[in-house]
Every structure is written in C-alpha cells, then in structure tokens.
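Spelled out, the chains give:
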Amino acid sequence: MAGMEMERIALPPRGPRELPLALLELGSSGRFELLTGEPGDAEGPEHRSTLPQGLPPWAPPPLWAELERKFLGTPEGLPLHRHQRARRAWLRTPDPRALFALDPTPVGGGLRAERDPRTGALLGFSEELLPSAGLSPSSSPSLLRPPGEGLRVGGGLTSVPFWPGGQDEPTLDQLRAPRNEEEEEDVDFDTDLLTTPPGLKRGVEFKPQGFGEGALSLSGLLETLDTLELGGGGDPQLGTPPKSPQSPPHNQFGEGSHPEPPPRRCDSLEELLAKEEVGTPPAPPPEPPEELWAELVDATTPVQGFEELLPDPAHKWPFTPDPFQQRAALCLERGHSVLVAAHTSAGKTAVAEYAIALARRHMTRSIYTSPIKALSNQKFRDFRETFGDVGLLTGDAQLRPEAACLVMTTEILRSMLYNGSDTIRDLEWVIFDEVHYVNDDERGVVWEEVLILLPEHVKLVLLSATVPNALEFAQWVGRTKRRCVRVLSTPRRPVPLEHFLFTGNSSRTRHQLFQLLGPSGAFSTQGYYAAVEAKKEQSSKHAQSFGARQPTLGGSNPGQERGVWLSLLETLRERELLPAVTFTFSRGRCEDQAAALGSLDLLGGPEKAQVRQFLTRCLARLRGSDRRLPQVLQLSDLLQRGIGVHHGGVLPLLKEIVEMLFSQGLVKVLFATETFAMGVNMPARTVVFDSIRKHDGSSFRDLLPGEYTQMSGRAGRRGLDATGTVIILCKGPVPELSDLHRMMLGRPSPLQSRFRLTYPMILLLLRAPALRPHDLMRRSFAEFPLRRDATAQTRRVAALREALAALGDPEGTPGDNGGDNGGDIGDLPQYYRAVVALRRARSVLQRCLAQPGGQRVLTPGRVVVVSTPKHRNALGLVLQVSSGGSGRTFTTLVLSEKPPENGGAPPEPPQDVPYPEELLLSRLFLPEGPPGPCLEQLRPEDIVGVTAKTLRVNPEILLQELRPPRGPRPRSPPVGGGLSAALQELSRLAGVSARDGGGLPLLEAFGVPPGRDPEAAAAAAEIRGLGAALGGFRCVRSPRFPQQYSQYAARQELLEQLEELQFQLSDQSLLLLPEYHQRLEVLSELGYVSGGAVALGGRVAALLSTEQLVLTELLLGNVLAPLRPEESVALLSCLVTPGRGEPLPEGLSPALTQALERLRAVAARVARLEQQRGLGPGPDDFVAQFGFSLVQVVYEWARGMPFAEIARLAPVQEGSVVRAIQRLEELLRELRQAARAVGDPAMAAKMEAAAAMIKRDIVFAASLYTQ
C-alpha cells in the first residue's frame, strides 16, 4: 500500500489542457459556461455550443407549485405575526434543465398497411395524412383537434365551436380555404371555356364533329359502360367464373341487331343531355313523401314485460313508473333522443334522472339545463342527493365543474358551445327542462341556438308542458340533427282537477263553491249561472245597505278584501283544501293580501317551532343589520303564521326559505306571482286565482290557455289527493262564460320560433371557419316550414332539369326565318314577356271583383267574358253572387256548344294560343251550331272582362231551368223560353263582335273606380299600353307561331319553376337575410368587421351579453379609464336597469356625471347608426332604455353602505336591487375578460376591484340549495 501511495505522489500534475473541463458557448453573444466532466475521465468532455440564436427564453415551473411546496407544505416559512406585511414576491430557483423538456411535434402522417383482400397477405405500406394533423382549437371545429386552453369548462376565448350535428363536417382543405361570402360565379361551359393555354399561340378548338346521323343517348352510354368487362380472371370469392379468352365477344346490341352509327361529338354533358331526342317532355316524377324525423310513441298503455326488457336498469325509481316513463327509459337505453310533453306534476324529471344515470353507467357526462337560475339551484340539490357527483354552473356560482353531471342555465351551455369547451367531448346527454320556454320573446332564441350547435354525438332529452305541436317541434329537432326523435305525451293529468268559482263573503255564499269544470272535463253552465245569480244577490244586498253604488272590479275596499280572503281560507280549512297557492299578477298586491290577513294563524305549536328553528338557522349567515331588514322581519312573522309571499321583489334568500318551508308543508297559504309556476315541482292541494286578467307589458288581457294550464297544474299532489282544486275569485263581476270556456278548455299556444339575430351570434360565427350565420338562420325553427321539404325540392330541381333537357330549344333562332316567309319569330321572347305582363295586370283587376266595388258591378244580368279550361273568351251572364269560405263565387250562364244528341262528349275547347285579338278580347267564342247552356260557378280569376251590356232577365227562373230536375236526367234537357232567349242574345252579341272585329265595349278597369284603388288604376294603364303594343310584333304572323309559342312558354314555365325552387333552396330566401346584411353593415361601420374578418372591437363585443355595441364603444373610447371603481360600477348600472325615461340623478361626482353624459351620447350615436340601416328604434327611444334610478344606490353600495340603508334609498323593492347588482357583477366579469382581450391590464384590475366592492353581504349570500 505504501508503494502504491508513493507511486501516486510521483505522478506529474496535469496541465490546463488535460483537466476534465469543457466550455459551453451560449449563442453568439460571447458568453461561456464551464462544464466539468466525470471524475477519472482522462479525455474530458467535448466543447459544446448552442444555437446561434442562443437559448430560448427560460420557462420556470409554475409559481403556484413552488409557493405550494415552500409555504403551504412548510408552514414555518410564513411569519406568525403581522402576516399582512409578509412579502408577496419570492425569488425563484432557476432550473435551466427544464428547457430541454420540449413537447413532441405532432405527427402529421402515418403508414398504412396494404393487404390482399382475399388472403390478408402484406403487400406494402403507403403514407397517408392523419385527419388530426394541423388541427387546433382556434382553427378547426373537429372533435379530433387537441384540447384547448387548460381544459376550461367554459371554453377558450380563441376556440371555435365544434361542428354542429346534422351537417357534413368540412375537410381540412375546406377549412384552410379563405372565406368567401360571395356566391361562386356560374361558368358557362359552352362559351366561357378557354381554348388556348397561357403562353401558347394556339390551342384546341372543341368543335362538334359529325360521326354519323345518330346521337348517342346517355342511357345507351351507361349500358355500354356497365356491360364492359375488363380483365380475364374471375374472382373465386365472389363466385364469378373466369372468362375464356376464346369466347366470342358479347354482342351489346342484342341478337340480330345492328350497331348504331357513331355518336356526334358534344362539348359538354349538358349538351349531350339536351341533344337526346325525346318525343314528348317526360312527366315530372311524383312528389316524394316528406322526410319523417319524429316518431310518436304510444305512451298510454304499460309496457308488457318491462322488467324482462330492462333487467338491469341504469336507475331504479322508488315508485312504479308510468307508461310514458317506461317507454322513455327504453328509448334512452337504445340511444334515441326523446321529447316528453307531459302535464304538470306528471313526472318528467324521472326521465331526466334516467338519462343522467345512463351517462354515469357509460362513464360519460350529462348536462341538465333550466330556464332560470333558481330552478338550476333546486335541481342541483335534488340531483346531488340522488347521484352525488353533480356540479353547478350559473352566472355567479361554479361548484364542481369537473362532475359527471352539470346543472346550468341554457345561456351557460350556449357560451360553452360558442367557446368550444372541451367538456362537450365527453357529453352524451343534454336535458332541456321547460323547453316550451322557446316561446319566450327575449330568451327563446337561446334554445334554438343550443339545439342547432350541439355536436352530432350528443343526444337530447326535451321536457315540455303539453303543447299542440310537439310532433312538429320534434320534427324540426330531428331534421336539424339528422336523428329521429321519439315523442311521448301523457293523455291526461295524473291527478284530475276540479275548477270552481268563489263569489264573495255573503252569508249564503261565503262557504259555497260553484263548479265549472269537473274531473272528467265536462264544462258546467249550471254552476256558472248559479254563480252569476249569487253575485247578483250579493250586489242587491250591497245596494240596500250602501246605496246604488256597486262594488268595483278591483275588489272594493281593504275591509271587504280582507273579508273575502278570510271567508275563502275558512272554507279551505274546513274542507281540508290547504295548502293553497294564490296567484296574483302584481307584486304589491301579493304583499297587501298577505298583510290583510292580520293576525290569522294557520300553524300549530310544533309547526311554529319548526319554522322558527329553520328561520334561525338560515338567517344566521347574515350580518346583524341584514337580519333586521323590514322585509326579513315582515316575512319571518308571516311564515311563523303559515303565510308566505313569493315574487321577484323578495330577496333571493327569503324566496328559497319560502320554497323550502312550502315543500315541507309548513306554508299553508302562499301568495305568489306566475314565476312560481316555473319553479321546481311544488304541488299544492289548491290553486286560487285572484284574477284572470294580467298585464303583459303593453296592455291588460285575459290569461291564455297555456298560462292558465301551467299555473292551475300546481293543484293536486300525486299520491295524496284524489283531485286538485282550482278556484277563481270573483271579487267583481263574474267573468264572461265564453272567456272562462276559452281559458279552461282552449288550445294552448303552440311552440313558435323566436329566433333573431344578435351581434354576438354574428361575430362568434364569423370567426369560426366554415360555419356561417347563414347556417343558423337556415336551420332555425322559423325556417322549418319553408325548408322541411328541401330534399323533395332538390329532387324536383333535378326532374325539372331533365324535363328542360328533354324539351330542347325552340325551333329556329331569334332573327332567323328558317326559310319561312310567313313571318319572323325573332321577337317571340319579347312577345311572351308582354303576354305575361298583360295577364299579371289583369289578375290585379280580377282581385278587385271580390271587393265592394266589384260587387256593385257584377250584379245579376251583367254580361262578362269568361276564360277557363273549358271556355275560351266565352260570353257569360251573371245570375247569382254568393260568398263562402273559399271566397266570392258567381253563378253564371256561359255560352257554349250544344252537347251532341247521342250523349257523346262535348267538343274540346280550342287551343289556348295568345293571339293579340284573343288577349284583347276582340275575338269572342261563337258556337258553330245551336248554342247550349252551361251553368258554371266562377271565381274572380275566371272573369277576364266585364262588358257594358246588361240583360233584363229573371235569374230565379233561369236557375230553375238550368238545375237538373229530380229523377232520371234526360240526355239533352229541353231549353225553356227564358233560357233560350238569353242564349240567343249572347250568341247575337258574340256574332256582332265577330263581324265588327272590335269586340264588345268593356268597362275600364272592370268597372272599379280608379281613385279608390291606385294599384288597379296602374294595372289598367299597363293593360292599355300593352294592348297598343301587341299588334306590332311580327311573330304572331308566322304560321309556326302556335307551335313556337307553346314550346317557348312550356320551357319558360319550367325555367320559372326551376328558378323559384333554386331560390327557395338558396340563402337568398332566408327570412332574416336582409337583417343580417343590415347588422353586418353596422358592424363594418363601427370597425368591428373588416373584410370578412373580426377585428379587435368585434372580439370585445362577442364577449358581452348585453348592449354589446354601447359597452364596446365605452371600453375602446376610454370612457371608463378616468373613473374610480365605484364610479365605474355606478355607470354600468344603467345597462342592467330598465329605464322609464327618468332624468340623470343629481348630487353625483363631476367625473361620473360626465361619464353618464358620454354614455348617452354613445348610445344615441349607435342608435342613429342602426336607424340609418333600418334597425332598432330611434335615438330617443333607445337612450330611454337605460335606467338611471339605481346609479346612486349602486354607488353607495360599492362604497360600503349597509343594505338596510340601501333598501331605504332604493326606489324599488329589495329583490329588484339584489337582482340588478348580481347582473352587474356578471357584467363586470365580462368586461374584465374583454379588457384582458384588448391588452388593458389596468382596466381589468379596475373591473375586478369593482366586482369585489359589490360582492358582499346579503346580495351575494350563498344559495340554500347549494349548502
């Protein structure tokens, strides 16, 4: 060992070049780093260098991960005291090696194995482009694209929607092609084709070359190609024998036939079709049947063997399912989309639960949408108790967005679809609750957008109240998604209803209910008239006591109002008809009626204790001042007596308390507005209507049948009540019998489209590749009646083109006499247009005959000129004028040929060839032999002229002679004296017209006074001008005119039909296309759209949900920049508060006042711009929509004023204030997102600070349903 140590010491030291060191050159900036090699390495590492551009920017690990590791994982790193002064920035440890972890470049292609189809032997490989190559969330709507921004449940700002189901998804090349809004130019392959290539002096002339007299038919060409055999071997797998090389060639022309002459060369396939000789134009094929995309399922009888058909259901209900629930479960198991139109409280939610359970079994996701946020919260609670893994997404709450079942409002789902949320990838079922909300004027468009935009793999569950056109709506959904929808409907309510009238508090009727409608649905007029008599008796007693003054319709004085309610509640209590829901169509009257009950107590001791304990627990989350709000104290007192109030002016927390206590049976009488009928299934024993009239925003009207059915459907608890009770109060006069009958038994309002264009819709679709606003307009429910036969129309277009090709061109060409000296047909097209214009102008005058002016002219005895398929310019005598459901008809004796004596067919009318004398009625029909009578029922369009002649006849006698007698009818009935004289006179007039050549004198404009109808006067003037020009055409003098005109007219008629069908199938026929162009012009004028691309302003406007143009102009115009956060939020309150024309509030800061003025100026400028394009109201009406009543309220709330003082300061109820502030917070979040999109971090921070100022206390108290 010593020797070895001495040997080591004896080694000479290494020089600088022998050390295991190397240099790392960093780019081209002259920086170096020293690298050390492994110990014992004799050679040392090699010198290295980076790319000439240097290292890429250093990407450290996420800050949150490092903070979590250092501080949350090691709490000793945080100070124990004065944590507010703890540092908020920490030095980070560099990790350059993280730069080497690069994501692999996605592979754009792959290898595909080619195999022998018979043996499976590997033949080789071929390279192919992968369908997902080059896809990204911002450029492709394909589901194959990679995930977007951090898998956000709401989608990304730059992501485009997934491709909607029901349409063919575009290829990658189509997506990369530039968007061209203009239609493609039609190319004429006969004249527009180039024959000389660029750079060459001459090319190829494609001229027809004659190869024989025969023309090649397309059918013969196809038969030749079908019989042509290539190759000599047969396929043993297909059972075809090999072909012998010595076998004679197959004779394609048949045995003993001769080959056709060589075909004549054609320049195009269209010319080939046109030259095919056909004797007569082929008849168009029959109309194909309508496509059926909806199927009505029988839901009246139970499913036999349901347990055997579904032995392992995805969800087991705690009750025996009804037939419609069984059928729906079977449809869902088979993957069918369903529409369930059932009565209120029938159990539609059970179908939704099964769809959710089915998605859980398939390990996919489901979404439940509702029209209102309160209903979403309630369903979240119910589904969480049933399934557990449920999330909630609303405007102000996000709970468990990663859950398998998500409950949200329909607007949230629409936002997810437009932003391309990756949650849609795993989505299997979407449940639309209350889908009849599509009838809502303001928000109905949301349902149509979502149904159109959902991808193909998503299946639908549509839950609706009973509507008359459920099958039509399902047909539209099925056609839109190209998937058959099963429709299930309940025939009757599970709990039948009884409808009564309550007339007042008289001694005889205070406990009496008058039945109007029984459980069987029979309307009782006896009960109605009994109620009327009782009301009259009560009015007479009132007159005796208080004079002749009758009780008013509004319910008399408060004392009488209280007496009516006390009498009714006493009756309900005695008959055990509580709990009851009273629908009152006024917030103020709800509270007044509840307060009018005084000290009435409907609860017992134990129930009072339950209510008191529940209130204490729910109100404990409020701060002290909020618990002492007047509304909280008043409603707490009412609830402890079993009385509740529920309307939009109640604080959201209190409304939830009322709903929960009502569902537990602790609220015996609930005074509510009609919004309560849209809530979760909370049935009562009785429903009371305070009145059957409501104000719909513009005027007072009676309840519609659908509204009455929706609210009265809350009566009757399934499993508890045999029948439900509905009572209509008659505090004033008893409503009319017809009004009650229409309201109770009338047909509910059908589902109608409320589709409309919005600026965000246009902007979001313009930035999506290959998806246009035209696609949404074409597939909307509004376009469905016009486009439901699109497939049949497409086939009809093909048939018309075939008929046109078979018809061929008219003989001869314009200006070519064709060797005929009898005339020239060059002006035939002009003559045809003149004839069409003449007939069109005459049809205007014919419509005037059905008007009062025409009635005075066409009196019995008037001689007219008749033209029908049986008669050509024949004289007629008007005998009778009658009106019916199909319009006005004229019973007329028409001059015609006498029928043959042997009973043969009457002679055919002459061919309808529009010579000038025929059109101008100067040549009238004249029988060749004795005239015969013909009685016709003419319509106004059958009368082409009204003469100045009238005959003195007795119409009744003539009608008796013309009508066939009873019994056997003779072959030729005898002509009476009066009838014979009338026919002779008509023949004489026709003969005089033929001899003179000028026709009978006609009344100008069919006798209609020109001053009363300007359109008729213009038509008469046009007829005069065209009549003077018809004689100057040369084509009418040609002997070929009848044939030429018939052929040309037939071709033009086919062309017109083809043009009309093509127009109906094109985007030009869209109902909203003019409005789309108008809105696009507004966006272009503001600079939001440029050259078909969405500019910065357009991207901002697309992020906003209300008043997009005004808000974008405020943001881009820096109107919000000089304001403090509390001033900004006060300014924005104008956009969420409906205006009533109030002036600007006083006492505001100068900056806020100036900003409000600028807001009004911006709104007026936007309104003028829209008005110039034919959109929206004028500037004054548009500016009046912005409300300034809550500016001071919101300003003080943002500064920290308690809500108790805010409630005293606000001019509206507490619930309205809360709702406005909540909507304002959503708007601030949208503006924060928009500020980040434009690169303004200061504005984004200001919006975030403003949202933090107003998001506090009772206004944003958490929902009880989510706790």
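See the structure printed just above.
On a predicted model such as this, the values are computed, not experimentally measured, just so you know.

About the cut-offs
- Residues numbered from 1 in each chain as written.
- Predicted model: local features only at pLDDT ≥ 70, side-chain atom pairs only at ≥ 80, totals over all residues.
- Heavy atoms only, no water.
- Axes fitted to C-alpha atoms, helices over the stretch in contact; angles between N-to-C directions.
- Helix = DSSP H or I, 4+ residues; strand = E, 2+ residues; numbered from the N terminus.
- Parallel < 35°, antiparallel > 145°, perpendicular 65-115°, else oblique.
- Contact = heavy atoms within 4.5 Å.
- Nonpolar A, V, L, I, M, F, W, Y, C, P; charged D, E, K, R; others polar.
- Core = buried A, V, L, I, M, F, W, Y, C linked by side-chain atoms within 4.5 Å.
- Buried < 20%, exposed > 50% of the residue type's maximum accessible area, 1.4 Å probe, protein only.
- Expected span 1.5 Å × (residues − 1).
- Arc of directions from axis to C-beta.
- Pairing = 2+ DSSP bridges.
- Salt bridge = Lys/Arg side-chain N within 4 Å of Asp/Glu carboxyl O.

Enquirer: Before we go on, may I ask you to explain the packing of helix H36 (residues 1125–1132) against helix H42 (residues 1241–1254) in this structure?
Expert: Each packed pair of helices is defined by two parameters, the angle between the axes and the distance between the axes. It is at 9 Å that the axes of H36 and H42 come closest, and there the two elements cross at 80 degrees. On the basis of the axis angle, H36 is roughly perpendicular to H42. Counted together, Pro1125, Glu1126, Ser1128, Val1129 and Leu1132 of H36 and Lys1246, Met1247, Ala1249, Ala1250, Met1253 and Ile1254 of H42 form the full contact between these two elements. Of the residues in the contact of H36 with H42, the class split is eight nonpolar, one polar and two charged.

Enquirer: Honestly, the nonpolar core in this entry has me stumped. Any pointers?
Expert: As a rule of thumb, soluble globular proteins bury nonpolar side chains together. Formed by 216 residues in total, the largest nonpolar core has its most connected members in Phe432, Phe473, Leu501, Ile657, Leu1156 and Phe1203. Those residues in contact with phenylalanine 432, other than ones at most four positions away along the chain, are Thr369, Thr410, Leu413, Trp447, Val450, Leu451, Leu454, Leu460, Val461, Leu462 and Leu463. In this structure, Tyr831, Val844, Leu919 and Ile943 belong to the second largest nonpolar core, which totals 41 residues.

Enquirer: Mind showing me how you'd approach H42 here?
Expert: For an α-helix the count is 3.6 residues per turn, leaving residues at separations of three or four pointing the same way. Taking 1.5 Å of rise per residue, the 14 residues of H42 would be expected to cover 20 Å, and the 20 Å separating its terminal C-alpha atoms lies within 8% of that figure. The complete set of buried residues in H42 reads Met1243, Ala1244, Lys1246, Met1247, Ala1250, Ala1251 and Ile1254. The buried residues of H42 occupy an angular sector of 160 degrees when the element is viewed end-on, so they sit on one face. Along H42, the residues that are exposed and aim more than 90 degrees away from the buried face are Pro1241, Ala1242 and Ala1252. Where H42 is buried, its residues contact helix H35 (1108–1116), H36, helix H39 (1191–1198) and helix H41 (1214–1237).

Enquirer: Hey, could you run me through the sheet that holds strand S23 (residues 724–729) in this one?
Expert: Adjacent strands of a sheet pair through backbone hydrogen bonds, lying either parallel or antiparallel. Strand order in the open sheet formed by seven strands is S16-S15-S23-S20-S17-S19-S18, with mixed pairing between adjacent strands. The sheet is open, and its two borders are formed by strand S16 (514–517) and strand S18 (643–646), each paired with just one other strand. Sheet twist, expressed as the average angle between the axes of neighbouring strands with direction ignored, equals 25 degrees. Two elements, strand S17 (residues 580–583) and strand S20 (residues 686–689), share four bridges in a ladder whose sense is parallel. Paired with valine 581 across the bridge in S20 is valine 687. Where helix H19 (residues 652–663) meets the sheet, its contacts fall on S17, S18 and strand S19 (669–672), and the angle it forms with S18 comes to roughly 130 degrees.

Enquirer: How should the pattern of salt bridges be read in this particular structure?
Expert: Scanning the entire structure with this criterion turns up 47 salt bridges. The partner of aspartate 1067 in a salt bridge is arginine 778, and the shortest N-O contact between them spans 2.4 Å. Placement of aspartate 1067 in the loop between helix H32 (1041–1065) and helix H33 (1073–1086) and of arginine 778 in helix H23 (residues 773–778) is noted, with a sequence separation of 289 residues between them. By relative accessible area, aspartate 1067 is classed as buried at 15%. One network of salt bridges, in which partners are shared, links Glu674, Lys694, Arg701 and Glu707.

Enquirer: Even after reading the chapter, I still don't get unusual backbone geometry, so can you show me in this structure?
Expert: Residues other than glycine predominantly adopt negative phi, and peptide bonds predominantly adopt the trans conformation. Following leucine 578, the chain continues to proline 579 via a peptide bond in cis, the omega torsion being 5 degrees. Position of proline 579 relative to the elements: it lies in the loop between helix H14 (558–574) and S17. The phi angle at serine 345 is positive, at roughly 65 degrees, despite the residue not being glycine. Residue placement: serine 345 occurs in the loop between strand S7 (337–341) and helix H8 (349–361). The phi dihedral of asparagine 873 falls on the positive side, at around 50 degrees, and the residue is not glycine. Tracing the backbone through its elements, the reader meets asparagine 873 in the loop between strand S24 (862–866) and strand S25 (874–884).

Enquirer: How do you make sense of the sheet that holds strand S10 (residues 398–399) when you look at a structure like this?
Expert: Strands sit in the order S6-S14-S7-S13-S12-S8-S11-S9-S10 across an open sheet of nine strands; the sheet is mixed. Looking at the sheet topology across the chains shown, the edges are occupied by strand S6 (294–296) and S10. As defined by bridge partners, strand S12 (residues 427–432) adjoins strand S13 (residues 459–464) across four bridges and the pair is classed as parallel. Bridging across to S13, isoleucine 431 finds its partner in valine 461. Across the sheet, helix H7 (residues 323–333) touches S7, S12, S13 and strand S14 (485–489), and the angle it forms with S14 is around 170 degrees. Packing against the sheet, helix H10 (residues 410–418) makes contact with strand S8 (365–370), strand S9 (390–393), strand S11 (405–409) and S12, and its axis sits at approximately 105 degrees to S11.

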